[in-house]
Structure formats: C-alpha cells, structure tokens
Amino acid sequence: QARHSHPGDALINRLMVRSVRLRSVTAQQIMRSREQVVALWTDRPMAENLRTAQTSGFSRYPVCGGSLDEVKGILLVREWLWQIQLLGPDASFEPLIRPALTFTLRTPIHSMLELFRTSRSHLAMVIDADEKLAGIVTFEDVLEEIVGEIRDEYDKEEERVLMLTDRSAEMDARLSIHDANEALPLRLSDEEYDTLAGLVYAELDHVPVAGDVVTMP
C-alpha cells in the first residue's frame, strides 16, 4: 500500500525532534549574556537614553538604575514615543516602566514559554544565584529554539562567521551547530543543542567570560 506524505510532514517531524531536545534546555543556554544587554537608565538624561534606543533599534528595554543589577522594569519604546509626542522628549519615562519578568539560570524552556504567555511580556531578566543580572531572554528567543530562526523585514542580515584561516574562525554564539560544522571541519553533535551558545553553556556550566576555553573531543 502506497504511503501518501503531506508537505507539512517534514516540518512536523522536525518540530517533534526539537521538542524532545528542548526538555533539557534552560534560560542559561539561550539567553543573551550580560555583556550583550542594552539598557536604559533612570539616572541618565533622557536625551542619552533616546540616543541609545535610536542606535540599538530594539522595541523594548530593561530599565536600570545605577547598575545592571538594579533592574527597575521594562520600557516599551512604542509607549515612550507616544509620550514624547504628547509631553516632549524631556519627560521622564518612569511612569511607563512595567514590572520585569524574571527567570533563574535553570528555568526550563517550557516554563519560560508558559510564563511569557501568562504574563503577556516579551522580555525577561535572567538572574543568577547571587541575584545579579546574568542576561536577558526574549519570547522570540524561546520560539526560535522551538521552530527555528524567525526573521522579519526589520532584521538585518548579520555575518555570523568570520573566517580567520582555513581551520579557525570567529562565530556568533547564535550560530547553529550545523552551520558551524559546515564552516569548519568540525563534528559537533547537535542532538541536544541547536546553537553554539547552548553547547558552550552546557560544557562550561556557567555564563562564559572572556578567556574561557571549551575543548570538545
């Protein structure tokens, strides 16, 4: 008897495989590290904050006071722009700050997805054992782990692999393990993790810092 396949079968199969892999994925493995966080500040001039928002181009930001470990909440740029139109650029954005959703380093991906859904928030802070900011994670980051990379008309094409020699390269942590293996003669396994970031975090068991070395068999 002939077996008839549906065009969506391959996609469904990929999603099922990803769902099995994702059971062990945590916030630490998919977050953007502290060093990558772009924040707005309650103790800096509004003009400086506006320049930061204009040059970085995100739709929402953590708002901090004094240091990245003093997160006041989240600011939606759309609401801020409405306020600027009504009250001018010097009006404080503090009345617009929303409570920040927080995860621990070990919050599993299924819990993140549910918390994002119930809170109706799209940005969360990831806090380490010392209650310090380890990084941030977005709803889109979580969805991309499940369905693959999501791009829209505002996303800029980024060069994620910079070849240095035939056997060495600088790679974006968000690069898929498959693409890393294609760029260099590597045999990294993608059975448990989809990106270099997930693999490196798992091997180190802490947030990577400059100078960390991971040796793979």
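Along each chain, the written sequence defines residue order, and numbers are assigned to residues from 1. Side-chain atom pairs in this predicted model are given and counted only at pLDDT of 80 or more, local residue features only at pLDDT of at least 70, and totals for whole chains, interfaces and linings cover all residues. Water and hydrogen atoms were dropped before computing side-chain values, which therefore reflect all heavy atoms in the structure.

What follows is about helix 4 (residues 77-87). All buried positions along helix 4 are accounted for by V77, E79, W80, Q83 and I84. Taken around the axis of helix 4, the buried residues stretch over an arc of 155°, which confines them to a single face. Looking at helix 4, the residues exposed on the side facing more than 90 degrees away from the buried face are W82, Q85 and L86. The contact definition used throughout considers only heavy atoms, calling two residues in contact when any of these lie within 4.5 Å. A run of DSSP states H or I qualifies as a helix once it reaches four residues; a run of E qualifies as a strand once it reaches two. Both are numbered from the N-terminal end. Buried-residue contacts for helix 4 involve strand 2 (40-41), helix 3 (46-56), strand 3 (60-65) and strand 4 (67-76). One or two positions beyond helix 4, positive phi appears at G88, with a value near 95°. Between buried and exposed lies partly exposed: a residue is buried under 20% and exposed over 50% of the maximum accessible area for its type, with that area taken using a 1.4 Å probe on protein chains only. Regarding the arc, it is the one traced by the directions from the helix axis to the C-beta atoms.

A strand pair is defined by DSSP finding two or more bridges across the two strands. Reading across from one edge, 1-7-6-5 is the order of the four strands in this open sheet, with mixed pairing throughout. At either margin of the open sheet sits one strand with a lone partner, and together these are strand 1 (32-33) and strand 5 (101-104). Relative to strand 6 (residues 123-127), strand 5 runs parallel, the two being bridged by four bridges. Looking at the pairing, T102 lines up with M125 of strand 6. Axis definition: a line fitted to C-alpha atoms, over the contacting stretch in the case of helices. Angles run 0 to 180 degrees between N-to-C directions. Contacting strand 5, strand 6 and strand 7 (133-138), helix 5 (residues 109-119) runs over the sheet at an angle of about 170° to strand 5.

Let's shift gears to unusual backbone geometry. For R120, which is not a glycine, the phi torsion comes out positive at approximately 60°. Examined against the element boundaries, R120 turns out to sit in the loop between helix 5 and strand 6. Phi is positive for E131, close to 65°, though the residue is something other than glycine. With respect to the helices, strands and loops of the structure, E131 is situated in the loop between strand 6 and strand 7.

A separate point is the pattern of salt bridges. Any two side chains of opposite charge can pair, given that their charged atoms come close. Salt bridges are defined by distance alone: a side-chain nitrogen of Lys or Arg within 4 Å of a carboxyl oxygen of Asp or Glu. Taken as a whole and assessed by the stated rule, the structure comprises six salt bridges. Of the charged contacts, one joins E48 and R44 as a salt bridge, the two residues approaching to 3.6 Å between their closest N and O atoms. When its relative accessible area of 29% is taken as the criterion, E48 is described as partly exposed. In the salt-bridge network here, residues are joined through shared partners; they are R34, D69 and K132.

Another point: the sheet that holds strand 4. Pairing is mixed in the open sheet, where three strands are placed in the order 2-3-4. In this open sheet, the two strands that pair with only one neighbour each are strand 2 and strand 4. Where strand 3 and strand 4 come together, six bridges link them in antiparallel fashion. Looking across to strand 4, one finds that G65 is bridged to S67. On the sheet, helix 4 packs against strand 2, strand 3 and strand 4 and is oriented at approximately 70° with respect to strand 4.

Moving on: the environment of G65. By secondary structure assignment, the location of G65 is in strand 3. As for G65 and A39, which are separated by 26 residues in sequence, their C-alpha atoms are 9.7 Å apart. Filtering out sequence-adjacent residues up to four positions away, G65 remains in contact with W41, T42, D43, E70 and K72.

Among the nonpolar cores identified, the biggest contains 15 residues, and I30, F103, M112, F116, V137 and V142 are the most heavily contacted of them. Broken down by secondary-structure element, the contributors of at least two residues to this core are helix 2 (27-30), strand 5, helix 5, strand 6 and strand 7. Among the elements that line this core, the one with the most residues is helix 5, at three residues. With residues up to four places along the chain from it excluded, the contact list for V142 reads I30, I109, M112, L113, F116 and V137. Here the nonpolar core consists of buried residues drawn from Ala, Val, Leu, Ile, Met, Phe, Trp, Tyr and Cys, with membership extended through side-chain atoms lying within 4.5 Å. One finds L40, A53, V63 and W80 within the second-largest nonpolar core, a separate group that totals 13 residues.

Time to look at the pairing of strand 7. Among the six residues of strand 7, six are classified as buried, and the element is accordingly described as predominantly covered. Of the pairings in the sheet, the one linking strand 1 to strand 7 comprises two bridges and is antiparallel in character. Following the sheet pairing, S33 is matched in strand 7 by G135. Taken together, strand 6 and the strand that follows it, strand 7, pair antiparallel across an intervening segment of five residues, in which E131 is found at a positive phi of about 65°.

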